Amino acid sequence: GGKPIFYLQGSLGRGKSVIMTEFCRRYDSDIAARFFFRRGNGASSSVERLVPVLAYQLAEYCQELRPHIVTAAREYAQRRNTLKVEELVQVLLSKPFEAVESSLPLSRPLYIVVDAFDECTDPEYLSKRFLESFLRFAQSHSSVRLFCTSRPAPPYIGDAFDACPAPAVCHLSLDKDVDQEEVTRDIRRAVHDILTHGAQSSKWYHARDDILETLVG
């Protein structure tokens, strides 16, 4: 049950990536695939890179999907120079899920994380077409749970999520829906947990009384 798509939106410095990083740390074993957009990094700034990466990770994570994604990858290798971005989603993601679900529903939800979509550097028309296809994919398969973040700009990103049927999307804005003091407390708590979790970072935490103030404010 529940909504298949969770969209977290917020301006620079609101803590989206901290929340996403903490979510991935806490639920690492439950996340089937993840992708963090990074502007200026060719390998991490394009939807044409995103889809193959997600497909590969899904194949690694889910045995039921694996043979169907291998078949899809062969088709992708033959057609990669002619595939439109919406066809990329169809070939590498939708078809494998359809093949599995035609015989037996997947036994557990598959969580897919995509962070900082606003840092995608593809032309707007390409990104729009991708988002429409990607969100349609997430709504079409009951086992998919999609968690995405973005800044409010460019506005077409939020518009794409808002265009989905209300029962499909949980849209949370860190700019509007949550008191800033509460956001700051949550970020401080998440950063505290991250710092005290690792051996080296724990040394930094205990060595400096002001480290939380320095990192979060």
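In what follows, the structure referred to is the one given above.
Here's what I pulled together on the structure shown here. Here the structure is a predicted model, which means the values were calculated and not measured.

## Some remarks on the packing of helix 3 (residues 66-79) against helix 4 (residues 85-101)
Point 1. Interhelical geometry of helix 3 versus helix 4 gives an angle of 155° and a closest axis separation of 9 Å. Put simply, helix 3 runs roughly antiparallel to helix 4. As helix 3 packs across helix 4, the resulting crossing turns out to be right-handed. Packed against helix 3, whose contacting residues are His68, Ile69, Ala72, Ala73, Glu75, Tyr76 and Arg79, the element helix 4 presents Glu87, Leu88, Val91, Leu92, Lys95, Pro96, Ala99 and Val100 at the interface.

## Re the environment of Pro96
Point 1. Among the secondary structure elements, Pro96 is positioned in helix 4.
Point 2. In this structure, the C-alpha to C-alpha distance between Pro96 and Ala55, residues 41 residues apart in sequence, is 9.3 Å.
Point 3. Setting aside residues up to four positions removed in sequence, Pro96 forms contacts with Leu65, His68, Ile69, Ala72 and Val91.

## Some words on the pattern of salt bridges
Point 1. Counted by the stated rule, this structure contains ten salt bridges.
Point 2. The salt bridge partner of Asp175 is Arg14, with a shortest N-O separation of 2.9 Å. Within this pair, whereas Asp175 is found in the loop between strand 5 (169-173) and helix 7 (180-197), its partner Arg14 is found in the loop between strand 1 (5-9) and helix 1 (16-26), the two being separated by 161 residues in sequence.
Point 3. We classify Arg14 as partly exposed; its relative accessible area is 24%.
Point 4. Glu22 is the salt-bridge partner of Arg25, the closest N and O atoms lying 2.9 Å from each other. One end of the pair, Arg25, and the other, Glu22, are both in helix 1, three residues apart, so they sit about a helical turn from each other.

Here is what the cut-offs are and how they apply
Residues numbered from 1 in each chain as written. Predicted model: local features only at pLDDT ≥ 70, side-chain atom pairs only at ≥ 80, totals over all residues. Heavy atoms only, no water. Axes fitted to C-alpha atoms, helices over the stretch in contact; angles between N-to-C directions. Helix = DSSP H or I, 4+ residues; strand = E, 2+ residues; numbered from the N terminus. Parallel < 35°, antiparallel > 145°, perpendicular 65-115°, else oblique. Left-handed = near helix turned anticlockwise from the far one by under 90°. Contact = heavy atoms within 4.5 Å. Salt bridge = Lys/Arg side-chain N within 4 Å of Asp/Glu carboxyl O. Buried < 20%, exposed > 50% of the residue type's maximum accessible area, 1.4 Å probe, protein only.

Keep in mind these values describe shape, not function.
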